[in-house]
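Each chain, letter by letter, is given below.
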Amino acid sequence: MRVYKKELPTMIWQDKELRLLDQRLLPDRAEYRICRSLEDVADSICDMTVRGAPAIGISAAYGLVIAAQRAFEAGLDANTMHHDLKYASEKLRLTRPTAVNLAWALEQAGKWLSAHLNATPEDIVAGLELVAIRIHNEDIENNRRMGLNGAALLPGKASILTHCNAGALATGGYGTALGVIRAAVESGRDIHVYVDETRPLLQGARITAFELYHEDISATLITDNCAGYLMSQGKVDLIVVGADRIAINGDTANKIGTYSLAVLAAYHKVPFYVAAPISTIDPAIADGKAIVIEERRPEEVTHLCGKRTAPEGIAAYNPAFDVTPANLISAIITEREVVHYPDRSKLLKLFS
Ligand code: MRU
């Protein structure tokens, strides 16, 4: 019964308000947080009410519409609005540094603003709303295309390992890595998914397992440190993960632990795929060394679900992402094509 993605969208845009599924509460509760101000949206991205590279980009685009609407209601003129929206855009951009989709979505809105310097305040709100809705719809459409491109790589029967959550809830809908898995299941392939729990915030256990379970996709939850053992037993046919930012040479930032999986995959000769929209590729970044890695609070490591699991006072290091070098990636699956053994020249072609 595939009811989940219809009933629990990542976000709902209605009456100039953004309702975000509060992903911190999953899988226990499904509650929507209503965002009525720029601060509501920025806080929701920072505290991970909404998370996942494409989802935070779309949320930020709606956040800008909300900022424009508030400015319009306050009676600001168009010039002042343009000025305030630059500040709003910067505030949203700084919420999380690694996922390029956030900056990309804000850039789309910025381009609209620059192209409409004579728009009235009312038109600014309407124009930004159209941009945000377009980004949202295109994301779902791209994920479906990516799903089909990725599913074509898979055999009739496969056991797939995934990390973190690159599913419907990390995107506008359908998902990137989970989009590939969904498309494979929809095409009748016999798929089993191993889900890394993904410490520290357990996006695998709380969100990916939740998505797969509620869609009746065969899945088994494992601890992160079980992945190597599974591969050594020949139980993983391939790995598919999402991405937060891909440098133009193919080096890929994704949830912390992804790099370890890629190294294990190379050792065990397991294909390692990254599924991501072209908007996740950052042509301005030459290689992975230049990707800014977000470091989050040590409490995410010393605590589990709000309960301390380490001695008080212990130091903890908490990078949210790591970088997998391109030479460990079998292919990057995009909405346009599958780029095998990615490198600079192949990725640059996607922008031409
Ligand atoms: O910290 P998160 O939960 O935002 O991290 C999410 C990931 O690392 C995902 O794999 C990535 O954003 C791709 S989502 C389609």
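Residues numbered from 1 in each chain as written. Predicted model: local features only at pLDDT ≥ 70, side-chain atom pairs only at ≥ 80, totals over all residues. Heavy atoms only, no water.

Novice: Explanation requested: the overall build of the protein in the structure shown.
Specialist: Looking only at helices and strands, the protein features twelve helices and 16 strands. A compact globule built from 352 residues should have a C-alpha radius of gyration of about 20 Å, and the protein, at 20 Å, falls within 12% of that. Its C-alpha atoms give the protein principal-axis dimensions of about 65 × 50 × 45 Å. For the protein, the proportion of contacts with a sequence separation of at least 24, taken over those separated by at least 6, is 75%. Within the structure as shown, the protein displays about 15,100 Å² of accessible surface, and the carbon and sulfur contribution to it stands at 54%. Seen as two clouds, the 37 positive and the 43 negative side-chain charges of the protein have centres 4 Å apart. (Helix = DSSP H or I, 4+ residues; strand = E, 2+ residues; numbered from the N terminus. Rg over C-alpha atoms; globule rule 2.2 N^0.38 Å. Contact = heavy atoms within 4.5 Å. Areas by Shrake-Rupley, 256 points an atom, 1.4 Å probe, with all protein chains shown as cover. Lys, Arg positive; Asp, Glu negative; His and termini not counted. Charge placed at Lys NZ, Arg CZ, Asp CG, Glu CD.)

Novice: Can you help me understand the pairing of strand 4 (residues 157–162) in this one?
Specialist: Remark: a regular strand shows side chains that alternate across the two faces of the sheet. Within strand 4, five of the six residues are buried, which leaves the element mostly enclosed by the surrounding structure. Relative to strand 5 (residues 190–196), strand 4 runs parallel, the two being bridged by six bridges. By the bridge assignment, A158 is partnered in strand 5 with I191. Across two bridges, the pairing between strand 4 and strand 7 (residues 238–241) is parallel. Within strand 7, the residue paired with I160 across the bridge is L238. (Buried < 20%, exposed > 50% of the residue type's maximum accessible area, 1.4 Å probe, protein only. Pairing = 2+ DSSP bridges.)

Novice: Help me understand the sheet that holds strand 1 (residues 11–14), please; the structure alone is not making it clear to me.
Specialist: Strand pairing in a sheet relies on backbone hydrogen bonds. The paired strands run either parallel or antiparallel. Spatially, 1-2-3 is the arrangement adopted by the three strands of the open sheet, whose pairing is antiparallel. Looking at which strands have only one partner, the edges of the open sheet turn out to be strand 1 and strand 3 (32–35). Sheet twist, expressed as the average angle between the axes of neighbouring strands with direction ignored, equals 20°. Relative to strand 3, strand 2 (residues 17–21) runs antiparallel, the two sharing four bridges. Opposite L21, over in strand 3, you have Y32 as the bridge partner. Lying over the sheet, helix 3 (residues 53–73) contacts strand 1, strand 2 and strand 3, oriented at roughly 20° with respect to strand 1. (Axes fitted to C-alpha atoms, helices over the stretch in contact; angles between N-to-C directions.)

Novice: What is the right way to read unusual backbone geometry from this model?
Specialist: Peptide bonds are trans in most cases, and residues, glycine excluded, mostly fall at negative phi. Each neighbour pair has its own omega, and for L26 with P27 the value is 5°, a cis peptide bond. When you line up the elements, P27 lands in the loop between strand 2 and strand 3. Residue P200 is reached from R199 by a cis peptide bond, and omega for that bond is 10°. Within the fold, P200 resides in the loop between strand 5 and helix 8 (203–214). Notably, D216 is not glycine yet its phi reads approximately 60°, a positive angle. Backbone geometry at Y341 places phi at a positive 40°, although glycine is not the residue there.

Novice: I keep staring at the sheet that holds strand 14 (residues 321–324) and nothing clicks. Help me out?
Specialist: Strand order in the open sheet formed by four strands is 11-8-9-14, and the pairing between neighbours is mixed. In the strand order of this sheet, the two ends are held by strand 11 (281–282) and strand 14, each with one partner. Where strand 8 (residues 245–247) lies against strand 11, two bridges are found, and the strand directions are parallel. The residue of strand 11 that forms the bridge with A247 is D282.

Novice: Looking at this structure, how should I read empty space enclosed by the protein?
Specialist: Where empty space is left in the structure can be found by rolling a water-sized probe over the atoms. By the definition in use, this model includes three cavities of 30 Å³ or more. What lines the largest cavity is a set of 24 residues, and nearest its centre among them are R51, G52, A53, N165 and D244. Going through the elements one at a time, helix 3 and strand 9 (252–255) are the ones with two or more residues in the lining of the largest cavity. Estimates place the volume of the second largest cavity at around 50 Å³. Taken together, M48, P200, L201, Q203, K255, I256, R296, E300, N318, P319 and A320 form the lining of the second largest cavity. Classifying every residue of the lining of the second largest cavity by side-chain character gives six nonpolar, two polar and three charged. (1 Å grid on protein atoms, 1.4 Å probe; cavity = no way out; pocket = protein on both sides within 12 Å on 5 of 7 lines; lining within 4 Å. Points joined across faces, edges and corners; volume = space filled by probe spheres on them. Nonpolar A, V, L, I, M, F, W, Y, C, P; charged D, E, K, R; others polar.)

Novice: Mind showing me how you'd approach the site of the ligand here?
Specialist: Around the ligand lies a shell of 18 residues, among which R51, R96, Q203, N254 and K255 are the nearest. The side chain of R96 places a nitrogen or oxygen atom 2.8 Å from an oxygen atom of the ligand. N254 places a polar side-chain atom, nitrogen or oxygen, 2.6 Å from an oxygen atom of the ligand. A total of 410 Å² of accessible area belongs to the ligand in isolation, and the protein chains cover 99% of it. Taken atom by atom, the bulk of the ligand overlaps the largest cavity. Looking at the shell around the ligand residue by residue, the class counts come to eight nonpolar, six polar and four charged. A domain-level breakdown of the shell around the ligand finds at least three residues from each of domain 1 (5–143) and domain 2 (146–349). (Near = heavy atom within 4 Å. Polar contact = N/O pair within 3.5 Å; in protein donor to acceptor, adjacent residues only side chain to side chain. Sits in = over half its atoms within 2 Å of the grid points. Domains from an automatic or database assignment.)

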